[in-house]
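# Coordinates in review
What follows is each chain in one-letter form.
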Amino acid sequence: MPAKLGVPIKNRPIHSDLKSKKIYYEPERPARWPFMKFLREHSNLKEFYPDITPYHEAYKVRDNTWVIYTDSFDGAGDPWMYLINGPKKALLIDNGFGVGDLKGLCKYLTKKEEILCANTHFHYDHAYGNTQFDFVYCHEDEVYNIKSIQNPHIWDYLYDENGKGIYTEFDPQDIVPFKMYDIVPLKSYETIDLGDGYLVECIPLRGHSVGQSGYLDHQTGCLFTGDTGGAGRVVNGDPNPRNCTIERLRDDFRVIVSRIDEVSGVFPGHGPLDQTPIILEYTLEACERICEDPSRYDKKMVRVGPDGKEKIMFAKYIHQGTTMKYTLDTVYMNEDTKR
Ligand SMILES: [Zn+2]
């Protein structure tokens with residue numbers, strides 16, 4: 001699934017000591033880019049250990065929690081990963097493109113031997129580093145998708161025949177070696193115990209992909225939302241695309257919004273971090289409005305798909321947030337639920 005080519009960097013490049021160097025980048029986003037630039041260039045939270053991994057920066061956001069940055073390697077948005085240091089075990093949520101020794105960095109930061117890994121969803125910028133682990137957790141509906149990336153050629157699209165990065169300069173030899181790993185499915189609202197009853201709960205936020213989920217740390221109230229809350233919905237290769245709908249996302253959001261008092265901060269997979277939990281209500285409102293009348297969009301976009309065909313997409317603005325993207329044929333889970 002090749003990414004769209006972005007645009008050459010022309011506006012306010014972010015100074016970086018990373019080994020990777022961006023060639024193409026998404027167009028500057030009014031809210032996202034200044035946040036990233038300010039944080040990465042001026043924050044004293046930044047920890048960078050090039051001897052362990054020259055491809056990652058870590059930022060401590062709670063006493064036992066880091067967000068970890070890596071460049072995007074395919075021209076799309078730069079992803080965040082999250083690391084929770086529990087009493088007995090650490091949990092890494094998402095793992096980027098799988099370039100550099102992320103696991104080594106997690107061990108160094110947490111001083112733990114056992115690093116567990118959970119995926120929000122299967123996309124390249126979130127789960128290509130799975131192959132550093134013996135097993136990964138994901139929502140049970142996402143197992144099909146995670147299996148689809150258990151392939152040693154998933155990185156081939158990132159560089160040309162001379163081993164030169166197409167979207168971002170990097171050394172292909174720094175890709176973690178491929179190996180098979182087990183997939184441990186989690187049911188909706190099932191918890192992972194990091195020792196001494198330290199629980200992290202799998203929160204279904206399905207729609208961006210069929211089994212996309214967030215993870216709620218019961219102790220800190222941090223909710224890590226993956227590409228829901230930071231990015232819009234897409235339909236992926238699930239055998240039943242009706243499982244990837246705004247309606248499904250709305251139903252899952254109704255549940256987490258009913259528990260909003262348990263959330264202290266929302267951490268999406270891209271863009272500004274530690275957003276106020278009210279963004280969950282605003283996201284739900286966007287889903288509700290789309291389901292009420294999908295033809296009342298805020299923006300219409302024509303995209304050319306990998307097959308060369310034009311596809312019309314719509315976007316509904318999320319108040320004080322980004323947009324919820326959708327196509328008219330995948331708003332509802334089935335014809336009967338149209339209203
Ligand atoms: Zn995604």
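The text that follows walks through the structure, step by step, so that each part is easy to find. (Residues numbered from 1 in each chain as written. Predicted model: local features only at pLDDT ≥ 70, side-chain atom pairs only at ≥ 80, totals over all residues. Heavy atoms only, no water.)

## With respect to the sheet that holds strand S16 (residues 222–226)
- An order of S13-S14-S15-S16-S17 is seen for the 5 strands of this open sheet, with the pairing classed as mixed. Lying at the two open borders of the sheet, with one neighbouring strand each, are strand S13 (191–193) and strand S17 (265–268). Mean inter-strand twist for the sheet, computed between neighbouring axes without regard to direction, equals 20 degrees.
- Here strand S14 (residues 199–204) runs beside strand S15 (residues 213–217); their pairing, made up of 5 bridges, is antiparallel. Note that in S15 the partner of Cys202 across the bridge is Tyr215. (Pairing = 2+ DSSP bridges. Helix = DSSP H or I, 4+ residues; strand = E, 2+ residues; numbered from the N terminus. Axes fitted to C-alpha atoms, helices over the stretch in contact; angles between N-to-C directions.)

## Re the packing of aromatic side chains
- A full pass over the atoms with the stated rule returns 17 aromatic pairs.
- Ring centres 5.4 Å apart and planes at 65 degrees place the aromatic pair Phe73 and Phe97 in the edge-to-face group. Residue Phe73 is found in the loop between strand S6 (65–69) and strand S7 (80–85), and its partner Phe97 is found in the loop between strand S8 (90–93) and helix H2 (102–110); the two are separated by 24 residues along the sequence.
- The buried category is assigned to Phe73, whose relative accessible area is 0%.
- Taken together through their ring pairs, the aromatic side chains of Tyr55, Phe73, Phe97, Tyr159 and Phe170 make up a single cluster.
- When the ring centre of Tyr108 is taken as reference, the NZ or CZ atom of Lys111 above it lies at 4.0 Å. (Phe/Tyr/Trp six-rings, centres within 6.5 Å; stacked < 30°, edge-to-face > 60°. Buried < 20%, exposed > 50% of the residue type's maximum accessible area, 1.4 Å probe, protein only. Lys NZ or Arg CZ within 6 Å of the ring centre and 35° of its normal.)

## Some words on the coordination of the zinc ion
- Binding of the zinc ion to the protein goes through His121 (NE2), His123 (ND1), His208 (NE2) and Asp227 (OD), at separations of 2.1 to 2.2 Å.
- Binding-site remark: the zinc ion is held by donors from one chain whose sequence spacing is H-x1-H-x84-H-x18-D. One end of the pair, His121, is in the loop between strand S9 (115–118) and helix H3 (124–127); the other, His208, is in the loop between S14 and S15, with 87 residues separating them in the sequence. As far as burial versus exposure is concerned, His121 and His208 are alike and both buried. (Donors = N, O, S within 2.8 Å, 3.2 Å for Na, K, Ca; no water.)

## What to know about unusual backbone geometry
- Even without being a glycine, Tyr189 presents a positive backbone phi close to 70 degrees.
- Within the fold, Tyr189 resides in the loop between strand S12 (182–186) and S13.
- The backbone of Asp196 sits at a positive phi, close to 55 degrees, despite the residue not being glycine.
- Within the fold, Asp196 resides in the loop between S13 and S14.
- Note on Asp196: relative accessible area 62%, which makes it exposed.

## Details of the nonpolar core
- In this structure, Ile68, Leu83 and Leu92 are the most contacted members of the largest nonpolar core, which totals 37 residues.
- Among the elements of the structure, S6, S7, S8, H2, S9, H3, strand S10 (135–139) and helix H4 (143–148) are those that each provide at least two residues to this core.
- Residue contacts for Ile68: discarding those within four places in its chain leaves His56, Glu57, Ala58, Pro79, Trp80, Met81, Leu83, Leu92, Leu102, Leu105 and Cys106.
- In this structure, Tyr25, Tyr198, Val200 and Leu273 belong to the second largest nonpolar core, which totals 28 residues. (Core = buried A, V, L, I, M, F, W, Y, C linked by side-chain atoms within 4.5 Å. Contact = heavy atoms within 4.5 Å.)

## As for the sheet that holds strand S19 (residues 310–317)
- With respect to topology, 3 strands assemble into an open sheet ordered S18-S19-S20, the strand pairing being antiparallel. Each edge of the open sheet carries a strand with a single partner, namely strand S18 (299–304) and strand S20 (323–326). Strand-to-strand twist of the sheet, defined as the mean angle between neighbouring strand axes without regard to direction, takes the value 30 degrees.
- Here helix H6 (residues 278–292) sits on the sheet and contacts S19 and S20; the angle it forms with S19, its principal contact strand, is near 125 degrees.

## A few points about the pairing of S20
- Sheet analysis places S19 next to S20, joined by 4 bridges and oriented antiparallel. Within S20, the position partnered with Phe314 by the bridge is Tyr326.
- Counting the residues in the hairpin turn of S19 and S20 gives 5 residues, including Gln320, whose phi is positive at 55 degrees.

## Topic: the pattern of salt bridges
- A complete count under the given rule lists 18 salt bridges for this structure.
- Lys46 serves as the salt-bridge partner of Glu57, at 3.8 Å between the closest nitrogen and oxygen. With a gap of 11 residues between them, Glu57 in strand S5 (residues 57–62) and Lys46 in strand S4 (residues 46–47) connect regions that are remote in the sequence.
- Judged by its relative accessible area of 1%, Glu57 falls in the buried class.
- Between Arg62 and Asp274 there is a salt bridge whose closest N-O contact spans 3.0 Å. Taken together, the residues span a long stretch of sequence, with Arg62 in strand S5 and Asp274 in the loop between S17 and H6 at a distance of 212 residues.
- Overall, Asp274 belongs to the partly exposed group, its relative accessible area being 36%.
- In the salt-bridge network here, residues are joined through shared partners; they are Glu247, Arg250, Asp251, Arg254 and Glu288. (Salt bridge = Lys/Arg side-chain N within 4 Å of Asp/Glu carboxyl O.)

## Here we look at the environment of Ile68
- Its location among the elements puts Ile68 in strand S6.
- Separated by 37 residues in sequence, Ile68 and Leu105 place their C-alpha atoms 9.6 Å apart.

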